[in-house]
Amino acid sequence: MRWRSDSEERETEMRNESSGRPRRVEANGVRHVHSFLASHAFFLAPSANPILLAWRFERRRRVRQFFARRARAGTLLALIGVFAGIAAVALGQRLRGDAAALVALLPAHLLSLAVAATLVATSAIVHGRRHAERQWATAWLASAPIAARDMRAALRRRLAARWLPAAVVVLVLLAAAGTVGAVTVAAPIGAVALGFAGGAVIGWYAGGRAAHAPSVATLPRLRQARHEHAFEVTLTALGRWPFAQLRAALAPRVHAQIVGAALVGMPMGIPAHVVVLALLLIATALGATALLNAQLAVIPRAADWLRATPLASGRFTLALCRRALAGQLVAGACGALLLAALGVAPVRALALAAAWLAWVLTATACALARRHRTGPLRVELVAYAALLLALTATLPAALAFLLPALWWRDGRRMRAA
Amino acid sequence: MSAPLHVAGLRGGHAERDVLRGVDLVVGRGEWVALLGANGSGKSTLLDACVGRLRPRAGTIHVAGHALAGDGVAAKRSLGYAIAAERLPPLLSARECLAVQAAAKQLAAIDAEVLQLAEALGLTPWLDEAVATMSYGTRQKLGVLLALLGEPALVVLDETFNGLDPASGLLLKRHLRERVDAGRAGVLLATHALDIAEHWADRVALLHEGCVLHCWERGELAALRKGGGLEVALAQRLAAARA
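Just so it is clear, the model here is predicted, and its values are computed rather than measured.

Go over the overall build of chain A, please, and point to the residues and values.
For chain A, the helix and strand inventory stands at 16 helices and 2 strands. Across the 417 residues in chain A, those meeting the buried criterion constitute 37%. Looking at chain A alone, contacts between residues at least 24 apart form 72% of all its contacts between residues at least 6 apart. As presented, chain A carries roughly 23700 Å² of accessible surface, and 67% of it is formed by carbon and sulfur atoms.

Laid out in C-alpha cells, this is it:
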C-alpha cells in the first residue's frame with residue numbers, strides 16, 4: 001500500500017467536496033475523517049444526519065420493547081379499536097344531528113377558524129421546538145461536531161413527523177363533516193390549512209430561543225424569609241413543589257401571544273363582557289393544564305427520591321397532591337362558573353368541570369401507582385378505560401377523541417419525567 | 001443485635017435481565033464494607049435492591065433485622081440512602097429537602113450532628129438555594145446529609161465521593177469512620193476508588209457478573225497495603241474469573 005502525497009490528499013479532498021462526499025481535514029499532519037459516521041453512508045442510509053439516526057434507533061427500540069410484551073400491545077390495540085369504534089359511531093350520529101348545523105356556521109367564521117388553527121400550530125411548534133432543543137442541550141450527542149443546519153433539519157423532520165399527520169386528520173375530518181352535513185367546506189378547509197401553515201412558520205421562528213436562556217435564571221425565587229433560621233420538619237415543601245414546577249415551566253410570552261391572538265380571532269360584534277369571560281376561560285384552562293403537567297412531572301421525581309424512606313403512600317400522596325388538587329378544584333369551579341356565565345347550561349358546565357377533575361384524578365392516581373409503588377400497567381389501563389367509558393356515555397362525542405389523546409400525552413410526559 | 005444488612009440469595013435486575021445472580025452479603029454494625037466491581041457487574045443494582053428501590057426476583061434482604069419485603073417501613077426507618085445528585089428534587093432548596101426527608105423518616109427534629117456536618121462541609125450558604133443551582137459536588141454532599149438523618153443503622157452510598165473536593169471528601173470519610181467505629185452504623189459503599197476501599201473500609205467485596213466473587217477481610221487488606229495493593233489483587237481475581 002502506498003501513502004499518498006499531500007498534494008494528492010488535497011486533490012482528493014477537493015474532489016470529495018465537489019462530489020458531496022465526506023470532507024477530510026488535515027491537522028498537525030494527522031489525518032482526521034471529519035465525521036466518522038458520515039463516512040459510512042451505507043450504514044446511515046437513507047439519512048446521514050446523526051441526530052435523525054439516533055432518534056430513529058431510539059424509536060425503533062421503543063417500538064420493539066413495546067411489542068415485546070404482546071399482552072400490553074394487544075390490550076392497548078383492543079382499547080384503541082373499541083374507542084375508535086365508539087368515537088366513529090358517536091361522531092356520525094352527532095354529525096347527522098346538531099353538528100350539521102354547526103358545520104354550516106363554519107363558512108361565516110373563516111377568520112376565527114384561521115386564527116384558531118394558527119394558535120394551535122404556533123403553540124405546538126413552539127413547545128415542540130423548545131422541548132427538543134432543551135433535550136438536545138443535555139443529550140449525549142450535544143458535544144458532537146454536528147452542524148447547526150443538520151440540527152435544524154432534524155428538528156424540522158421531527159416536528160413534521162409529529163404534527164403533520166394530526167393536521168391532515170383534522171382537515172380530513174373537516175372534509176368528512178362537509179360531506180355528511182352537505183355543506184361546502186372548501187373555504188373553511190383552506191382557512192384551517194392556511195392557519196396551520198402560518199402557525200407552523202411563526203412557531204418555528206418564535207420557538208427557537210429557549211436553548212440560549214439559562215435554565216437556572218428561570219427558576220422561581222424560593223421563599224426564604226420564613227425559614228431563615230428555622231429547621232421545620234415538615235412535608236409542606238412537597239406540596240409546594242408542583243407550583244414551583246409550574247412557575248418554572250410557565251412561558252408568559254407564549255401565553256400572552258395566545259391570548260392576544262385569541263382576541264384578534266374573536267368574531268366581530270361580540271359584546272365586551274363575553275370577550276372578557278372567554279379570555280378568562282382560556283386562562284383558566286391554560287393554568288389547569290399547566291398545573292396538571294407540573295404535577296405529572298413532579299410525582300415520579302418525588303417518588304424516586306423518597307422511595308428509600310419509610311414514608312407511607314398515603315402521606316406521600318396527601319403531601320404532594322393535596323395543594324395541587326385543591327388548585328384544580330378551584331380551576332374547575334371557576335371554569336364551570338365562566339361557562340355558565342357564557343350561556344352554557346349549568347348542568348353541562350358542571351359536567352365538563354367534573355370530567356376535567358375526573359381526568360386529573362385518574363392521571364394523578366395512575367402516575368402515583370406507576371411510580372411510587374411500581375403499579376402494573378393493567379391497573380392504569382382499567383382506570384382509564386372505566387373513565388373513558390363513563391365520560392363518553394355522558395358527554396359529547398368529542399371526548400372520545402380528546403381523552404385518548406390526553407392519555408397518550410400524559411403517559412408520554414410521565415415516561416419522559 | 002441484628003446486622004444492619006443481611007442479604008441472602010438475591011436475584012434480580014432490570015426488565016427481563018438478571019443482573020444479580022445469587023448475592024449473599026452481610027454488613028455488620030461497626031463495619032464499613034466497600035463494594036467493588038467492573039462496570040455492569042451489578043453494584044448499583046444491588047444497592048437499589050437493598051434500599052427498596054428495586055424489587056428482587058428471589059432472595060431476602062433484612063435491614064437491622066427487618067425484612068425489606070415484609071416490613072418495609074421498619075426496615076427503611078433504619079436505612080439511610082445517599083440519593084444520586086441528579087435525582088435530587090431540582091426546585092426545592094437544601095433546607096426543604098432536609099425537612100421533607102426528616103418528616104418522611106418521622107423525626108421530631110433534624111439531627112444537630114447532621115447540621116454540624118453541613119456547616120463543616122460548607123453547605124450552610126447553600127441551604128436556601130434551589131438544588132438546581134448547586135454544583136455536582138454540593139449536591140453529593142446534600143445527598144449524604146439526607147442519608148445520615150435519623151441515625152440510620154445502615155448507610156448506603158453509591159459513588160458518593162465522586163465530585164467532592166479533597167478536603168470535603170476527607171471530612172466525610174472521617175465522619176463515617178467515627179460513626180462506624182462507635183458501632184452506631186454499618187456502611188455499604190459502592191465505588192471504583194480503590195484508595196477509599198483499601199484505606200477506609202473494613203472489608204472489600206468484589207462483585208462479578210452478579211455474584212460476590214471474593215471478600216478481602218481487614219487482615220488481608222492490611223497485608224495488601226504492604227504488598228502489591230488492592231489494584232493488583234483485584235485485577236488478578238478478575239482475570240482468574242474471566243479465564
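Outline the environment of R322 of chain A, supporting the account with residue identities and numerical values.
Residue and element names in this part refer to chain A. Here R322 shows up in helix α13 (residues 313-341). R322 gets classed as exposed once you look at its relative accessible area, which sits at 52%. Sequence separation between R322 and G239 is 83 residues; the distance between their C-alpha atoms is 6.8 Å.

Explain a nonpolar patch on the surface residue by residue, including any values.
Residue and element names in this part refer to chain A. On the surface, V63, F67, L77 and I80 cluster together into a nonpolar patch covering about 370 Å² of accessible area. At the level of secondary structure, the elements contributing two or more residues to the nonpolar patch comprise α4 (50-68) and α5 (70-96). Tracing the backbone through its elements, the reader meets L77 in helix α5.

Describe the packing of aromatic side chains, and please don't skip the residues or the numbers.
What describes a pair of aromatic rings is the distance from one ring centre to the other and the angle between the planes of the rings. Summed over all chains, the structure comprises 1 aromatic pair over all chains. Measuring from centroid to centroid gives 6.5 Å for W241 of chain A and W305 of chain A, while their planes differ by 70°, and the two rings are edge-to-face. Remark: W305 of chain A occurs in helix α12 (residues 272-306) and W241 of chain A occurs in helix α10 (residues 236-249); sequence separation between them is 64 residues. In this structure, R129 of chain A is placed above the aromatic ring of W204 of chain A, and the distance from its NZ or CZ to the ring centre is 3.9 Å. Stacked on the ring of F161 of chain B, the Lys or Arg K173 of chain B has its end atom at 5.8 Å from the ring centre.

Help me get a handle on the interface of chain B and chain A, residues and values and all.
On the chain A side, the residues contacting the 43 residues of chain B number 34 residues. Together, L91, R95 and V100 of chain B form the three largest contributors to the area buried by chain B at its contact with chain A, with a combined 21%. Inspection of the region where chain B meets chain A yields 3 salt bridges. Here chain B is connected to chain A by 7 residue pairs in polar contact (both at pLDDT 80 or more). Residue assignment for the side of chain B that touches chain A shows that the elements contributing at least two residues are α2 (72-77), β6 (79-82) and α3 (94-104) of chain B. The element best represented in the side of chain B that touches chain A is α3 of chain B, accounting for 10 residues. Partitioned by chemical class, the residues of the side of chain B that touches chain A number 26 nonpolar, 5 polar and 12 charged.

Analysis parameters
Residues numbered from 1 in each chain as written. Chains lettered and ligands numbered in written order. Predicted model: local features only at pLDDT ≥ 70, side-chain atom pairs only at ≥ 80, totals over all residues. Heavy atoms only, no water. Helix = DSSP H or I, 4+ residues; strand = E, 2+ residues; numbered from the N terminus. Buried < 20%, exposed > 50% of the residue type's maximum accessible area, 1.4 Å probe, protein only. Contact = heavy atoms within 4.5 Å. Areas by Shrake-Rupley, 256 points an atom, 1.4 Å probe, with all protein chains shown as cover. Patch = residues over 30% accessible without salt bridge, like charges linked within 9 Å, V, L, I, M, F, W, Y side chains within 5 Å. Salt bridge = Lys/Arg side-chain N within 4 Å of Asp/Glu carboxyl O. Phe/Tyr/Trp six-rings, centres within 6.5 Å; stacked < 30°, edge-to-face > 60°. Lys NZ or Arg CZ within 6 Å of the ring centre and 35° of its normal. Buried area = accessible area lost by both parts, 1.4 Å probe. Polar contact = N/O pair within 3.5 Å; in protein donor to acceptor, adjacent residues only side chain to side chain. Nonpolar A, V, L, I, M, F, W, Y, C, P; charged D, E, K, R; others polar.

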